[in-house]
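Understanding the architecture of this molecule
Here's the letter readout for the chains.
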Amino acid sequence: MSGTFSFGPEVGPGEILSFAARRYPDKLALVFGEKRFTYRDLETMSRQIAAALQQRGIGAGDVVSLYGQNSWEWIVGYHGALRAGAVVNPINVMLTGPELAYVLNDAESNVLFAGAAQIATAAAVAAEAASIELVVGFGDEPAEKSVTPFAALVKEGTDGQPTEVRHSPADLCAIAYTSGTTGHPKGAMQSHRAILLNCALTATMHGRTRDDVVVTALPAAHVYGNVAINSTFLVGGTVVLMERFDASAALRLIAAEQATMFEGVPAMYSMILADESLADADLTSLRLSTVGGQTLSVDTLDAWQHRSAAPMVELWGMTELGGLGTTHSPYAPPVPGSIGVALPGTEIRIAAIDGADEEVPVGERGELQVRGPLVMLGYLGNTAATEEVMLPGGWMRTGDVAYADDTGHYFVVDRIKDMIVTAGYNVYPAEIERVVAGHPGVAMVAVGRRPDDVRGEVAIAYVVPKPGVELSDSDIIDYCRGSLAAYKRPRAVVFVDRLPTTSSGKIMRRKLAELAENK
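Thresholds applied
- Residues numbered from 1 in each chain as written.
- Predicted model: local features only at pLDDT ≥ 70, side-chain atom pairs only at ≥ 80, totals over all residues.
- Heavy atoms only, no water.
- Pairing = 2+ DSSP bridges.
- Helix = DSSP H or I, 4+ residues; strand = E, 2+ residues; numbered from the N terminus.
- Contact = heavy atoms within 4.5 Å.
- Axes fitted to C-alpha atoms, helices over the stretch in contact; angles between N-to-C directions.
- Expected span 1.5 Å × (residues − 1).
- Buried < 20%, exposed > 50% of the residue type's maximum accessible area, 1.4 Å probe, protein only.
- Right-handed = clockwise from strand over helix to strand, strands pointing away.
- Core = buried A, V, L, I, M, F, W, Y, C linked by side-chain atoms within 4.5 Å.
- Parallel < 35°, antiparallel > 145°, perpendicular 65-115°, else oblique.
- Left-handed = near helix turned anticlockwise from the far one by under 90°.
- Nonpolar A, V, L, I, M, F, W, Y, C, P; charged D, E, K, R; others polar.

1. A word on the sheet that holds strand 14 (residues 312-318)
The strand order across the open sheet built from 9 strands is 2-1-11-10-12-13-14-15-16, with neighbouring strands paired in mixed fashion. The strands lining the two open edges of the sheet, one partner per strand, are strand 2 (35-38) and strand 16 (341-342). Taken strand by strand, helix 3 (residues 72-83) contacts strand 1 (28-32), strand 2 and strand 11 (238-241), and its axis lies near 135 degrees from that of strand 1.

This is how it looks when you write it as structure tokens:
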């Protein structure tokens, strides 16, 4: 049987499991806790979910939302919804009831899958959402009478065969909402082509094969997590999925499952490197690690590569691309600090930050912009927001400050919106974070802003010391003197036990000020 995945008129990410099951029916596909599933298992259950949804009148054009922590049911529900012909709407598990209500109403969702811990919130919100027809709960028998158990929905479709739904590669496949740091989140509309192509190109660039065993705690609802999972399924590898991240547990799983890959965000690697169990951890099976979501300090990268004896691949992506936009190949010469090169078929340019439609010279900072088949269709029901980021000629603004070198590698400096203007100088928090992270006593660091009567605003470093280490403000500030100009150095240091993070482990800079208030 052919091993190629043809991008025909009806192919999309909903066919990934059936494709893998035809090639490797009895191959281990997913490990979640004590449960293990072959590709035949996942394909069968997702087909049953699709049949059950269609029997209930859910199909092409309907929206199926998924709201819960990582679980095997989440994976099956996602693929079952796609196979039924529905549009999937992965939802950040950290959203509160009112935030969930906004997303469901904005997407006009018809079905809501909810994690065991989220069922009560989901049921209450769904009761007020006019478009919701069905709420399905993961885990044990839900206590809410209005919620259909996931097992019951699977059983409904046992004897059914879903009707094949044909679609164009450019048709809407998923609505993924941005983090919504200001105002309401925006629903990025992703095509079937964008999601499937992102998985295929990621697998290609990382050299993934059926022999790979990938440990990940990245949320399945996040584009990075989605691509980590489904690019592995696409090649017939094994995904070891953690419900949520825990450093010691991740190290145990890498050893127990003989993982060849670990995928995470910078904060995860910082926590692993600070974990006491790292000293005795067996990492010899690893061939590669990936890191994305935020900039990573070179010191952290070097420390992890030294301990794991395997390369770490930095990457960059965003919700509006359905996953990655750039990455490295593990077989190419390393370029530490770079987010890599553009995925095949994706164009990237560095344009003037002031919005002028022109590229800046190599080495000069500007806004990173993207063009190609991965770019979203637009923001759902928000023409103004779409027009703000979509430029003539198909270019999309990303909001990231970056520069390129003469080899075609890109380097992200920071988010434009996170830039601190102090006494007229532009200061990028990520630049300070990379330096402070190199201090031997620092486990994690994030930099935020504070209003200042003289300078306008100044940089403040929020530091989590390594266990048993005592640090002072001067220890951190003095450490920066040899690497940062005076105007870039943090003006104060706040020592904390932990940093606020998103469900994917990214540090939330907008929440840092609250830490200082609580000290």
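Having seen the model, we can carry on.
2. Things to note about the sheet that holds strand 20 (residues 396-404)
Sheet strands associate in pairs through backbone hydrogen bonding, adopting either a parallel or an antiparallel arrangement. Across the sheet, which stays open at both edges, the 4 strands sit in the order 17-18-20-21 with antiparallel pairing between neighbours. The open sheet terminates on both sides in strands that have one partner only, identified here as strand 17 (347-351) and strand 21 (410-415). When the angles between neighbouring strand axes are averaged without regard to direction, this sheet yields 45 degrees. Bridging between strand 18 (residues 366-371) and strand 20 involves 4 bridges; their strand directions are antiparallel.

3. Thoughts on helix 3
Over its 12 residues, helix 3 runs 17 Å from end to end, which matches the ideal 16 Å to within 8%, given 1.5 Å per residue. Most of helix 3 sits inside the fold, with 12 of its 12 residues counted as buried. Those residues of helix 3 not exposed but buried are W72, E73, W74, I75, V76, G77, Y78, H79, G80, A81, L82 and R83. One or two residues past the end of helix 3 sits G85, with phi positive at roughly 95 degrees.

4. Description of the environment of G325
Here G325 shows up in strand 15 (residues 323-327). Along the primary structure G325 and G340 are separated by 15 residues, whereas in three dimensions their C-alpha atoms are 9.3 Å apart. Those residues in contact with G325 that sit more than four places away from it in its chain are W316, G317, V341, A342, L343, T346 and I348.

5. Let's talk about the pairing of strand 11
A regular strand places its side chains so that they alternate between the two faces of the sheet. Side chains T238 and V240 of strand 11 all project onto a buried face; the interleaved residues V239 and L241 project onto the opposite face, where all are buried too. In the sheet, strand 10 (residues 213-216) pairs with strand 11 via 4 bridges, with the strands oriented parallel. Across the sheet, V214 pairs through a bridge with V239, a residue of strand 11. A crossover links strand 10 with its parallel partner strand 11, the connecting element being helix 8 (residues 223-235), and its sense is right-handed.

6. Side note on the nonpolar core
F262 and L368 are the most contacted members of the largest nonpolar core, which totals 60 residues. Filtering out sequence-adjacent residues up to four positions away, L368 remains in contact with W316, I339, I348, R349, I350, M396, R397, T398, D400, A402 and V412. If you look at the next biggest cluster of nonpolar residues, it comprises 50 residues, including L17, Y39, C199 and L241.

7. Quick look at the packing of helix 1 (residues 16-23) against helix 2 (residues 39-55)
With their axes 8 Å apart at the nearest point, helix 1 and helix 2 run at an angle of 140 degrees to one another. With respect to helix 2, the element helix 1 is oriented oblique. Handedness of the crossing formed by helix 1 with helix 2: left-handed. On the side of helix 1, the interface is formed by L17, S18, A20 and A21, while helix 2 contributes Y39, R40, L42, E43 and S46. Within the contact of helix 1 with helix 2, the residues separate by chemical class into 5 nonpolar, 2 polar and 2 charged.

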